[in-house]
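Notes for the structure review
Each chain, letter by letter, is given below.
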Amino acid sequence: MLLTKSCFNPALLRSDLRRCWPLLAGYTFLWFLILPLRMWNDVDPSPDDFLLQARSTAMEILGTSTTAAIWMNLIFGIMLAMALFTYLSSPRGTYGMHSFPASRGCQFRTHVLCGVGCVAVSNVLICLLSAQNGVTHWGASLSWLVFSLVTFLLFFALGSFCCMLCGWLPAMAVAYGAVNCVAIFCRILADGMCSIFYPSYNDTVYSMGRNNIVTWLTPVLRLHLDLQEMYAEDGTFVLTASAWKSLLVYGIAALVLLVAGALLYRIRRSEASGDTLAFRPLRPVVRWAVGLLGGLGLGLVLAEMLNCTGNTQALLACIVTLGLVCMIGTQMLIARTPRVFGKLWPELLALCIALVALCLCIRADVFGYERRVPQVSQVESVGIYQRSIYRSTAKITDPEEIGAIVQAHRYLAGRAAGENRTPDSSEINTIYITYNLKNGGTLSRKYQLRSEDLTAVRAMLESETFRRSLVLDDTGMTAEKLIHGYIGYPNKDMDRELSAQECRLLYQTLLEDIAHMNMLDPDLYVYQDTVLQIMLDSDERTVSTRLNPQCTRTLALLQEWGIISSPGEAFNATDEGDAEDTIAYSGGMPNIAIA
């Protein structure tokens with residue numbers, strides 16, 4: 001029969017609709033429950049006094065529905081793609097479809113038209129129904145509509161592309177999940193390996209900025225990050241410029257995937273139906289990907305269960321063993337037979353070498369993770385936190401102070417790389433450095449701050465912001481803003497209210513002590529268990545303080561106010577006898593002694 005070119009085949013379209021209408025109906029019904037029904041039940045525009053509240057509720061519903069669109073379309077994208085291309089997993093269905101009087105390109109376009117067209121009609125219907133209450137902002141509703149359509153197009157295109165690569169229905173779903181998660185999984189593996197081999201490594205998967213390549217390759221993560229700022233100052237639901245950028249990029253990616261899927265459908269062999277992978281060149285790629293990633297991931301899990309991550313030999317044994325298991329299992333699923341060792345043993349040997357070499361390269365920091373120090377021009381701000389002093393992070397934005405921290409970081413990183421020590425969990429004198437980079441990402445490291453390191457990192461320790469962070473949890477407060485405060489002494493069950501004048505005097509005294517602290521004294525970085533709870537309030541925020549023995553002027557002021565009888569009492573340094581506490585007011589480290 002002579003084939004004629006057409007955009008789609010009506011008969012095939014009707015057949016697709018007959019097969020997929022339950023899935024499309026379920027998709028529409030779920031959206032009806034999520035959006036229009038909630039609009040009708042929760043938003044009441046009738047009382048004029050509550051019109052603003054009704055609009056706020058409608059915006060909140062649209063915001064949560066936009067977040068739900070990510071997961072709805074993620075699930076239904078692959079389900080609808082598998083339903084439309086399910087015949088590719090059956091030789092009989094494949095031969096029957098390929099004998100249909102329509103070109104393969106026409107068949108592919110018809111399937112795409114059925115899936116995308118019906119979902120578009122469903123989303124438009126839901127948008128119109130949700131606007132029937134009269135308070136919905138049309139701009140916000142259309143933003144939800146565009147977001148839902150583009151995300152469905154992306155996930156449906158990705159699902160269709162996976163269906164072209166596979167000839168077995170379960171393999172299609174596995175490939176879809178793997179493609180969505182492989183980038184973030186690689187990042188988690190890298191963080192896990194670095195945390196084992198580098199005691200100073202403190203990055204996590206949350207350290208990535210939204211412009212990181214891993215974030216872009218994980219659409220669910222990128223879209224969720226874009227929706228974190230979806231409400232304007234007036235409570236209106238709006239998509240940010242970053243969200244529109246993501247939709248544009250992912251929309252283009254969806255079209256590229258559809259074109260690539262159509263090309264693969266044209267060259268796909270009918271005999272590949274029922275095979276795990278429809279294209280033979282993919283088989284070694286999948287074997288090696290599963291062997292490497294599965295060996296590293298499952299090997300780390302097994303090593304954690306056996307508590308042997310600190311033993312390099314045992315860790316390598318776990319990784320290599322499970323890597324071999326993953327590659328052998330993958331080849332068995334691909335070949336559909338357990339007889340795979342005859343031709344596979346050279347690849348198994350190469351996999352062992354590759355896994356050992358990769359682990360040893362990470363351990364030797366060949367990729368520079370442990371020694372990485374950003375340039376000052378790349379840093380927007382730095383958060384620095386000294387664990388044994390106070391549980392707050394000083395945020396530093398001054399370029400000079402950032403430069404001092406970067407210089408100190410270079411020294412600490414070089415020392416850590418040279419020693420290659422394992423972390424001492426009992427040692428609490430740890431300093432955490434977290435860079436907020438201008439590209440949106442972060443870089444976080446932690447180092448043991450020892451006595452011999454203090455002179456080398458002196459410029460960082462003596463910076464004004466770090467000085468204040470050892471005593472105050474808010475380094476940006478000024479005395480003029482203080483209006484109220486109190487001092488709590490739980491051991492004596494006493495609370496002392498402070499007037500505005502007393503707060504300002506106490507704060508100025510604290511600043512004098514901070515300015516005179518000896519930052520090179522090792523005892524300053526040892527945990528001090530102060531019994532006093534000092535809180536100073538302004539109209540906007542509250543500042544809490546943690547005293548240390550070098551706060552001599554402040555301790556004298558508290559003694560003058562009658563809150564403590566001696567400076568040592570603030571640190572539980574008194575006894576029941578006639579204890580005499582002494583305190584130094586100038587030069588060097590003050591001494592709190594008990595006679």
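A quick note: this is a predicted structure, and the numbers were derived from the prediction, not measured.

The next subject is the overall build of the protein chain. The helix and strand inventory of the protein chain stands at 18 helices and 10 strands. Residue pairs at least 24 apart in sequence account for 71% of intrachain contacts in the protein chain once pairs closer than 6 positions are excluded. Accessible surface, the protein chain as shown: approximately 28,400 Å² in total, 60% of it carbon and sulfur.

Across the 7 residues of strand S4 (residues 442-448), 5 count as buried, placing the element largely inside the fold. Strand direction decides the pairing type here: strand S3 (residues 430-437) and S4, joined by 7 bridges, are antiparallel. Looking at S4, one finds that Ile 431 is bridged to Tyr 447. In this antiparallel pair of consecutive strands, S3 and S4, the connection spans 4 residues, and Gly 440 shows a positive phi of 95 degrees.

A few words on helix H6 (residues 138-165). In an α-helix, one full turn covers 3.6 residues, which means residues spaced three or four apart are oriented alike. End to end, H6 covers 41 Å across 28 residues, agreeing with the expected 40 Å (1.5 Å per residue, within 8%). The buried fraction of H6 is high, at 22 of 28 residues.

Adjacent strands of a sheet pair through backbone hydrogen bonds, lying either parallel or antiparallel. The strand order S6-S5-S7-S8 describes an open sheet built from 4 strands, whose pairing is antiparallel. Every other strand in the sheet has two partners, leaving strand S6 (494-498) and strand S8 (542-545) as the edge strands with one partner each. With direction set aside, neighbouring strand axes in the sheet form an average angle of 15 degrees. As paired strands, strand S7 (residues 533-538) and S8 are joined by 4 bridges and run antiparallel to one another. Its bridge partner being in S8, Ile 534 is matched across the sheet by Thr 545. Here helix H17 (residues 500-515) sits on the sheet in contact with strand S5 (482-489), S6, S7 and S8, set at roughly 75 degrees to S5.

By size, the foremost hydrophobic cluster in this structure holds 75 residues, and its most contacted members are Leu 62, Leu 80, Phe 85, Trp 144, Phe 147 and Met 164. For this core, the secondary structure elements donating two or more residues are helix H1 (10-34), helix H3 (51-84), helix H5 (104-130), H6, helix H7 (169-197), helix H9 (219-226) and helix H10 (241-267). The element best represented in this core is H6, accounting for 16 residues. Setting aside residues no more than four positions away along its own chain, Met 164 makes contact with Phe 85, Leu 88, Phe 108, Gly 261, Leu 264, Tyr 265, Arg 268, Ala 278 and Phe 279.

The pairing of S5 with S7 spans 6 bridges and is classified as antiparallel. When the sheet's bridge partners are listed, His 484 is paired in S7 with Asp 537. The antiparallel pairing of S7 with S8 creates a hairpin that spans 3 residues between the two strands.

Definitions and limits used
- Residues numbered from 1 in each chain as written.
- Predicted model: local features only at pLDDT ≥ 70, side-chain atom pairs only at ≥ 80, totals over all residues.
- Heavy atoms only, no water.
- Helix = DSSP H or I, 4+ residues; strand = E, 2+ residues; numbered from the N terminus.
- Contact = heavy atoms within 4.5 Å.
- Areas by Shrake-Rupley, 256 points an atom, 1.4 Å probe, with all protein chains shown as cover.
- Buried < 20%, exposed > 50% of the residue type's maximum accessible area, 1.4 Å probe, protein only.
- Pairing = 2+ DSSP bridges.
- Expected span 1.5 Å × (residues − 1).
- Axes fitted to C-alpha atoms, helices over the stretch in contact; angles between N-to-C directions.
- Core = buried A, V, L, I, M, F, W, Y, C linked by side-chain atoms within 4.5 Å.

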